[in-house]
Amino acid sequence: MIKFFRKIRQNLLSENKFSKYLIYAIGEIVLVVIGILIALQINNWNQERIQKLEEQTIVKNIHAEYLQNKTILKRRIEEAELCEAALKQLMNSMGKDEDYLKKKNVDSLLFYAFDPPIFRPSENTISGLIQSGRLDLLQNKELVNLIYNWGRTMKALTDRTTRFTAISDNEIFPYLSKKYSYKDIDAYGPLNWKEKSNLKVDKLQIFKDIEFENLTDGFLYWMADNKNLFIELDLLIDKILTETQYD
């Protein structure tokens, strides 16, 4: 093909037909430009197709990841409700007489009250997108907004979790270690003690102590706030699943 065009140019020059040669040269340039534009367009189509396939894969991964997160979060909400209920029973038991308190399984209440659930979702897909700067691959702007909302809500949850974990470690457990038997509480956990502590301690005295009431009330406040964030995250998951639904 190149030899063919070269021969035409040589014939035009040899015949001294400069005007025709000029027209031919311009036409040849136009053809080259058109060829380049077509090649660029084909390349763009290929790039768009590759990006579309990559976006579809990412969306599917997000959907699968948040289906898993929803299952985990459902359990955490149930655990939070159990924790909140135990804390409320403790608060309702404050100042009550000994006969009333002996009818309660205080060991169990303390175990569930001060063992709050912690939610650690899987965020591999989203974290990878953000860290690599490829979040703009997602054309669904509503999904992008939901991802940002998820990040903000998770940040708030992490901050609150850090706060009530510090309250547990620095205030509640040191208090209980002096007033109550950990062994009796841990009978309802992994240690599964079959016998109560042989050490004598008047465990019910904590229900006459304003310090314990204040500690319990403060912990209930943080736990209730955490549960509300769990519910907010659960609603966000439902919206993310809707936006990433695929056939």
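Look up: the structure comes first, before these words.
Engineer: With reference to specific residues and values, describe the overall build of the protein chain.
Structural biologist: A tally of helices and strands in the protein chain yields 8 helices and 0 strands. Secondary structure elements of the protein chain occur, N-terminal to C-terminal, as α-α-α-α-α-α-α-α. Every one of the 247 residues in the protein chain was classed for burial, and the buried ones make up 34%. Pairs at least 24 residues apart make up 80% of the contacts formed inside the protein chain by residues separated by at least 6 positions. Accessible area for the protein chain stands at about 15800 Å²; split by element, carbon and sulfur atoms hold 55% of it.

Engineer: Please give an account of the packing of helix α6 (residues 141–179) against helix α8 (residues 210–243) that cites residues and values.
Structural biologist: Contact geometry for α6 and α8: axes closest at 9 Å, N-to-C directions at 160°. By the angle between their directions, the pair α6 and α8 is classed as roughly antiparallel. Crossing angle aside, the handedness with which α6 passes α8 is left-handed. Taken together, the residues of the contact of α6 with α8 break down into 21 nonpolar, 5 polar and 9 charged.

Engineer: Requested: an account of the pattern of salt bridges, with residues and values cited.
Structural biologist: Tallied over the entire structure, the rule returns 10 salt bridges. Across the pair D107 and K203 runs a salt bridge, and its minimum N-O distance is 3.1 Å. Residue D107 is found in helix α4 (residues 106–113), and its partner K203 is found in the loop between α7 (182–186) and α8; the two are separated by 96 residues along the sequence. Considered together, D107 and K203 belong to a single accessibility category, that of buried residues. Across the pair R160 and D225 runs a salt bridge whose closest N-O atoms are separated by 2.4 Å. Here R160 is found in helix α6, whereas its partner D225 is found in helix α8, with 65 residues between them in sequence. By relative accessible area, R160 is classed as partly exposed at 27%.

Engineer: Requested: an account of the packing of aromatic side chains, with residues and values cited.
Structural biologist: Per the stated rule, a full pass over the model turns up 11 aromatic pairs. With a centroid separation of 5.7 Å and an interplanar angle of 75°, the aromatic rings of F164 and F219 are classed as edge-to-face. Pair noted here: F164 is in helix α6 and F219 is in helix α8, with a separation of 55 residues, a long-range link. Residue classification places F219 among the buried positions, given a relative accessible area of 1%. Aromatic side chains F207 and F212 sit 6.0 Å apart centroid to centroid with 85° between the ring planes, which places their arrangement in the edge-to-face category.

Engineer: Can you break down the environment of K88 residue by residue, with the values?
Structural biologist: As for its position among the elements, K88 is in helix α2 (residues 18–93). Counting along the chain gives 129 residues from K88 to D217, while the straight-line C-alpha distance between them is 8.5 Å.

Engineer: So what about the nonpolar core? Which residues, and what values?
Structural biologist: The biggest cluster of nonpolar side chains holds 56 residues, and the ones touching the most others in it are F114, L138 and F212. Contributions of two or more residues to this core are made by α2, α4, α5 (124–132), α6 and α8. The dominant element in this core, judged by the number of residues it contributes, is α6, at 13 residues. With residues near it in sequence (within four places) discarded, L138 still touches E55, I58, V59, I62, L129, L143, V144 and I147.

Engineer: Can you explain unusual backbone geometry? Please cite residues and give values.
Structural biologist: Phi is positive for N192, which is not a glycine, with a value near 50°. Position of N192 relative to the elements: it lies in the loop between α7 and α8.

Engineer: A description of a nonpolar patch on the surface should follow, citing residues and the corresponding values.
Structural biologist: Together, I29, V32, V33, I36, L37 and L40 make up a nonpolar patch on the protein surface, roughly 550 Å² of accessible area in all. Summarising the element assignment, L40 is placed in helix α2. With a relative accessible area of 46%, L40 lands in the partly exposed category.

Reading the values: rules and limits
Residues numbered from 1 in each chain as written. Predicted model: local features only at pLDDT ≥ 70, side-chain atom pairs only at ≥ 80, totals over all residues. Heavy atoms only, no water. Helix = DSSP H or I, 4+ residues; strand = E, 2+ residues; numbered from the N terminus. Buried < 20%, exposed > 50% of the residue type's maximum accessible area, 1.4 Å probe, protein only. Contact = heavy atoms within 4.5 Å. Areas by Shrake-Rupley, 256 points an atom, 1.4 Å probe, with all protein chains shown as cover. Axes fitted to C-alpha atoms, helices over the stretch in contact; angles between N-to-C directions. Parallel < 35°, antiparallel > 145°, perpendicular 65-115°, else oblique. Left-handed = near helix turned anticlockwise from the far one by under 90°. Nonpolar A, V, L, I, M, F, W, Y, C, P; charged D, E, K, R; others polar. Salt bridge = Lys/Arg side-chain N within 4 Å of Asp/Glu carboxyl O. Phe/Tyr/Trp six-rings, centres within 6.5 Å; stacked < 30°, edge-to-face > 60°. Core = buried A, V, L, I, M, F, W, Y, C linked by side-chain atoms within 4.5 Å. Patch = residues over 30% accessible without salt bridge, like charges linked within 9 Å, V, L, I, M, F, W, Y side chains within 5 Å.

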